[in-house]
Amino acid sequence: MFDSSAHANPTRNRNRLQLALYLAFCVAIFAVPLFIDDDFLLNRYARYLVLGMVAMALSLSWGYAGILNLGQALSFGLGSYAMAMTLKLKTVPIHTGPDGLPDFMVWNNVETLPWFWVPYQSTAFAIFAGVAVPWALAAILGWFMFRGRITGVFVAIITLAILVVANLLVIDQQRYTGGFNGITDLAQLEILGLEFDAYSKSTYFLVASCLSVCLLGALAITRSKAGLIFQAIRDQEERVRFFGYDVAAYKIMAMSISAAIAGLAGMLYTVVMEFASPTFMDVPLSLSIVIWCAVGGRQSLLGATIGAIVVAGMQGALSESETFLDTWMLVMGLIFVLVVLFLPNGLAGLLDMAGRRLMRRPGALAGGPAPAKGLSGQKAKDQT
Amino acid sequence: MTEHLHIEGLGVEFNGFKAVNDLNLSVAQGELRCLIGPNGAGKTTTLDLICGKTRPMHGSIRYRGREIARLPEFQIARAGIGRKFQVPSVFRQLTVRENLEVAHCKHISVYTNILRSGRSAESDGLEKLAAFVDLSDYFEAPASVLSHGQTQWLEIALLLAQDSELILLDEPAAGMTHQETQKTADICNRLKGKHTIIVVEHDMGFVRQIAQVVSVMHQGTLLMEGTVEEISRDQRVREVYLGSTLGI
Amino acid sequence: MDFLLQNVLTGLSIGSILLLIALGLAIIYGSMGVINMAHGEFVMLGAYGTWALNAFFGMGLLSSLVVVFFGVGLLGWLVERGVIQFLYRRPLDTILATWGIGVMLQQIVRLTVGGELRYVEMPHALTGTISILGTEISSYRVFVFVFVVALFLLTWYLMNRTRFGMQLRAVVQNSEMSACFGIDPKRIYGLTFAYGAGLAGLAGALVAPLKSVSPEMGTSYVIDAFFVVVLGGVQSIFGTVASAFLLGEATGTLGFLWNDTIAKALVLVGIIVLIRFRPQGLFVSKVRG
Ligand SMILES: Nc1ncnc2c1ncn2[C@@H]1O[C@H](COP(=O)(O)OP(=O)(O)O)[C@@H](O)[C@H]1O
Ligand SMILES: [Mg+2]
């Protein structure tokens, strides 16, 4: 028999290492402006960080709780529009019509500000709504699906369908949403006297702080008891039910937290991009989010984040040329298929495996036979 | 002995097929009851009915005097009934400790659990449980590395972590080697008296090692009840099993 | 009265196109449990195939149907053998992998043929209109309707009255057992997938003259088709027919009352609500738990 602390150590070490990696990532993104003094580049990087944030949110619901939400872009888009609406109402009259009506409403012969626009005159309300609306929508949808024990592919298709519906409606209701063009010509975000110019360090830091807080917060959730239960539900939903847990409540929680983070990311995206558009809540974006998450590693929050930053970053670098972009998407499709086939846990899973192999080598761990078996068993399983 | 579980007139049909039909069964506190019967006799379905996986169409299930027949699964679980399924179902990607942690469900609300650490203060207790089913060496290993037998034992430990008073075991020794079967019998014997246990099993050798009272099911109803000797002498039981490999 | 008839006919026409697109998916999903997200791209390829056969070889729509059917079918077979066969135990991952394949097909078309819209002409004989009970309706749409009904009957025959259909049902029920009886599950699955893909190709060829042809035209089809299948009841091919026409009528009527977008949104939401309360589908009465 082995002394119990010998077994606790590998896990505890792993957890410490994980936390160290997450913290190092946060420090790294804050340090970027020290080395780069180009506002244009910083704006770009801020954009990638935002995309990393929404991929991380998906990892929480998909990688941890097993809810493949193909409509993740909906939460993102709702956040984005919430921010755009308030910033539109804050513009100086040159971009708004008489009576403070947004310009596109004037062009579409809308006479008075619609009721659901009115509260957005307050930025505080908008920031609240940008998180709360996606959260509430996800909670309602989750309640609807999970209370009815809808699982697996049905969840994927239903969330996708809801996204399609929302996208159709936003484009169709041009009078209230700006239709295809989205909401453009926005004011700058101002919170407590602080101005957030899209092309400035302040915006970059805003994004970096939000990402760090969400990332560490999400990490804490995955390490909580609820996080453990999310993973248990992902593995064996039925079994969890027979321990007396209300599985639907847990799934609703996972999905709505994920949606709230995506909503926050959407708001930041509007600040960084200086407009909101229906492409922020369309199917291709949702697909991209899934790809980022899968490539980086769906079961790792940090992996998903970095996956998005790297993939979106490469795409951004190539986007100068139209044919390049098309080729890139082709390559992405191929990589995605390959990852799904051979690397279900993405690059993070690959690193994890390599790391465990390294840790095992010197004199093997105190755990003796167990971890050694553990590795081979794990591998065998991953390949099935 | 006080009555722990009382089943009366229980019945369920699938597309007109009576899988369980007018079943009466009564189990005392702390008793270990074996439930045997040929394939398709309705043993698994009976356990499904008790733990709420399947809704009964007729009859009543009283647990400590309380009617539980139509409660949702999670309420039945919280009332103190734990179930091991025929197909081993542990959380393969979680470690043994984490598996036990999930099963150890004092607090079930998502709102409190999101604020609680996934590594509870009762880690010691969980380690004792792992030791009880001889899984100490694997405490921090993912459940996916466990052998078939070890997975079954982990499942039993999960029911103990859950602190169920009534434990339903569906074929705990299926597919095990002789030695593993011995060990499972040993575990069951050590649980006698502390928990009320219903074991569904095919392997008569195993049943002999653990049984107090055996109930025989056939075509959804109770055929007879008695000690191992009594039932293996019974003519009806022999007929039911005729041609099967049970070797009564 | 005229309005009403007009509406019913519009609904039938929408329904026949839905059925055309859903039929292939119904076979693949119903028998193999695979949601083929590249189904829309198979439809798109069928449309482009028709366009290309016409542009480069001067073939008419009707004669190109055969080529398109076998061409897209072959592609489907390759996809099943190359990717899907590895994922039968991971249904969520099939969604992702086939989605990725869809993206690749779209990009390949974009890179080779270009992203601009293409148009396919109707066969000359079918450009006119036919009068049904005093209401004019395009004869091409009538042709599509008749063609789809014929295709459906053929499929039904194939699945229920031929050796292949019997083997498929055997494999679906228990692939190991049927392997013991000398049926090769791989061959059956490959052929089934190819047949479903071929049907999608035909659908693309037939909708091409009605809609403009573009690389992204297939994206929304797969969702529509999936819902038609689920609403009809996965195992029931007659259910698929009923739900296709039901949805066609619903879309037609709602589109007449408001507009096409709202109609589509309402229909999708309606289906989702229905699935929630009748996950086994509208037209299936029994289900094994
Ligand atoms: N969900 C179900 N639908 C239809 N038939 C079922 C279902 N569950 C069990 N049955 C049938 O009920 C009978 C009893 O099954 P079961 O309880 O599993 O028997 P066993 O005693 O071998 O555990 C079997 O004939 C089985 O086919
Ligand atoms: Mg059984």
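Draft legend 1. Seen up close, the overall build of chain B. Of the regular secondary structure elements, chain B holds ten helices and ten strands. Against the compact-globule benchmark of 18 Å for 248 residues, chain B has a radius of gyration of 18 Å, which places it among compact chains. In terms of overall dimensions, chain B has a C-alpha envelope of 55 × 40 × 35 Å along the principal axes. Long-range pairs, those at least 24 residues apart, make up 65% of the contacts in chain B with a sequence separation of at least 6. Accessible surface for chain B amounts to roughly 10000 Å². Of this, 50% is attributable to carbon and sulfur atoms. In chain B, the 26 positive side-chain charges and the 30 negative ones have mean positions that sit 2 Å from each other.

Draft legend 2. Local environment of the overall build of chain C. Along the backbone of chain C there are eleven helices and two strands. The C-alpha radius of gyration computed for chain C amounts to 19 Å, which stays within 12% of the reference 19 Å derived for 289 residues, consistent with globular compactness. In terms of principal-axis extent, the alpha carbons of chain C reach across some 60 × 45 × 35 Å. Of all 289 residues assigned to chain C, the portion counted as buried reaches 54%.

Draft legend 3. Just the interface of chain B and chain A, in detail. If you look at the interface, chain B gives 45 residues, while chain A gives 39 residues. Of the roughly 3900 Å² buried between chain B and chain A on both sides combined, carbon and sulfur atoms contribute 61%. Here chain B is connected to chain A by two salt bridges. Scanning the region where chain B abuts chain A turns up 17 residue pairs in polar contact (both at pLDDT 80 or more).

Draft legend 4. Spatial organisation of the interface of chain C and chain A. On the side of chain A, 42 residues touch chain C, which itself brings 39 residues to the contact. On the chain C side of the interface with chain A, the three residues burying the most area are Leu96(C), Trp99(C) and Arg276(C), jointly 19% of the side's total. On inspection of chain C and its partner chain A, the count reaches one salt bridge. Across the pair Arg298(A) and Asp93(C) runs a salt bridge, and its minimum N-O distance is 3.3 Å. On inspection of chain C and its partner chain A, the count reaches four residue pairs in polar contact (both at pLDDT 80 or more). Sort the elements by how many residues they give to the side of chain C that touches chain A and helix α4 (residues 91–112) of chain C lands first, with 15 residues. Taken together, the residues of the side of chain C that touches chain A break down into 29 nonpolar, five polar and five charged.

Draft legend 5. Broad picture of the nonpolar core. Ranked by size, the top nonpolar core spans 282 residues in total, and within it Leu100(B) and Phe227(C) carry the most contacts. If you tally residues by element for this core, the top one is helix α11 (residues 247–273) of chain A, at 18 residues. Each of two domains, domain 1 (1–80 + 165–248) and domain 2 (88–159) of chain B, supplies a minimum of three residues to this core. Here Phe227(C) is in contact with Ile157(A), Ala161(A), Leu268(C), Ile271(C), Ile272(C) and Ile275(C), once residues within four sequence places are set aside. Phe242(A), Ala19(B), Leu168(B) and Val200(B) belong to the second-largest nonpolar core, a separate cluster that totals 29 residues.

Draft legend 6. Structural view of the domain arrangement of chain B. Residue and element names in this part refer to chain B. Along its sequence, chain B is carved into domain 1 (1–80 + 165–248) and domain 2 (88–159). The gap between the C-alpha centroids of domain 1 and domain 2 is 26 Å. Taken together, the contacts link 15 residues of domain 1 with eleven residues of domain 2. When domain 1 packs against domain 2, the two sides together hide about 1200 Å² of surface, and 70% of this comes from carbon and sulfur. Looking only at domain 1, the three residues that lose the most surface to domain 2 are Glu 180, Lys 183 and Ile 187, adding up to 37% of its buried area. On the surface where domain 1 and domain 2 come into contact, there are one salt bridge. Between Lys 183 and Asp 134 there is a salt bridge, with its nearest N and O atoms 2.9 Å apart. The interface formed by domain 1 and domain 2 holds four residue pairs in polar contact (both at pLDDT 80 or more) in total. Contributing elements (two or more residues each) for the side of domain 1 that touches domain 2: β7 (166–170) and α7 (178–191).

Draft legend 7. Looking closely at the sheet that holds strand β4 (residues 58–63) of chain B. All names here are of chain B. The four strands lie next to each other as β2-β1-β4-β5, forming an open sheet whose pairing is antiparallel. Among the strands making up the open sheet, the edge pair consists of β2 (17–28) and β5 (66–67). In the packing of helix α1 (residues 43–51) onto the sheet, contacts are made with β1 (3–14), β2 and β4, and the angle to β1 comes to roughly 115°.

Draft legend 8. Fine view of helix α2 (residues 39–64) of chain A. Residues and elements named next belong to chain A. An ideal rise of 1.5 Å per residue puts 38 Å on 26 residues; α2 measures up with 36 Å between its terminal C-alpha atoms. At Leu 58, α2 shows its strongest bend, of approximately 25°. Across the 26 residues that make up α2, a large majority, 21, are buried. Residue Asp 38 occupies the N-cap position of α2, its side-chain oxygen lying 2.9 Å from the main-chain nitrogen of Phe 40. Positioned one or two residues after α2, Gly 66 has a phi angle of 75°, which is positive.

Draft legend 9. Here's a closer look at the pairing of β4(B). Residues and elements named next belong to chain B. Pairing of β1 with β4, which is carried by five bridges, proceeds in the antiparallel orientation. Looking at the pairing, Ile 7 lines up with Ile 61 of β4. Where β4 meets β5, two bridges bridge the pair, whose relative direction is antiparallel. Bridge assignment links Arg 62 to a residue of β5, and that residue is Glu 67. The turn linking β4 back onto β5 is made up of two residues, and Arg 64 within it adopts a positive phi angle of 50°.

Draft legend 10. Main features of the coordination of the magnesium ion (ligand 2). All names here are of chain B. The coordination sphere of the magnesium ion (ligand 2) contains the protein donors Thr 44 (OG1) and Gln 86 (OE1), at a distance range of 2.0 to 2.5 Å. Of the two residues, Thr 44 sits in helix α1 while Gln 86 sits in the loop between β6 (81–84) and α3 (96–103), which places them 42 residues apart along the sequence. Accessibility expressed as a relative area gives 24% for Thr 44, which makes it partly exposed. Take Gln 86: its relative accessible area is 35%, and that puts it in the partly exposed class.

Draft legend 11. Here's a closer look at the site of ligand 1. Around ligand 1 there are twelve residues in total, and Gly40(B), Gly42(B), Lys43(B), Thr44(B) and Thr45(B) lie nearest to it. Surrounding ligand 1 is a set of residues that belongs to chains B and C. One of the backbone N or O atoms of Gly40(B) is found 2.8 Å from an oxygen atom in ligand 1. Contacts to ligand 1 include Lys43(B), whose backbone N or O atom sits 2.8 Å from an oxygen atom. Sorting the residues of the shell around ligand 1 by element identifies β2 and α1 of chain B as the ones contributing at least two each. If one sorts the elements of the shell around ligand 1 by residue count, α1(B) sits on top with three residues. Here the shell around ligand 1 is composed, by residue class, of four nonpolar, six polar and two charged.

Criteria and cut-off values
Residues numbered from 1 in each chain as written. Chains lettered and ligands numbered in written order. Predicted model: local features only at pLDDT ≥ 70, side-chain atom pairs only at ≥ 80, totals over all residues. Heavy atoms only, no water. Helix = DSSP H or I, 4+ residues; strand = E, 2+ residues; numbered from the N terminus. Rg over C-alpha atoms; globule rule 2.2 N^0.38 Å. Contact = heavy atoms within 4.5 Å. Areas by Shrake-Rupley, 256 points an atom, 1.4 Å probe, with all protein chains shown as cover. Lys, Arg positive; Asp, Glu negative; His and termini not counted. Charge placed at Lys NZ, Arg CZ, Asp CG, Glu CD. Buried < 20%, exposed > 50% of the residue type's maximum accessible area, 1.4 Å probe, protein only. Buried area = accessible area lost by both parts, 1.4 Å probe. Salt bridge = Lys/Arg side-chain N within 4 Å of Asp/Glu carboxyl O. Polar contact = N/O pair within 3.5 Å; in protein donor to acceptor, adjacent residues only side chain to side chain. Nonpolar A, V, L, I, M, F, W, Y, C, P; charged D, E, K, R; others polar. Core = buried A, V, L, I, M, F, W, Y, C linked by side-chain atoms within 4.5 Å. Domains from an automatic or database assignment. Pairing = 2+ DSSP bridges. Axes fitted to C-alpha atoms, helices over the stretch in contact; angles between N-to-C directions. Expected span 1.5 Å × (residues − 1). Bend = angle between axes of the 7 residues up to and from the residue. Donors = N, O, S within 2.8 Å, 3.2 Å for Na, K, Ca; no water. Near = heavy atom within 4 Å.

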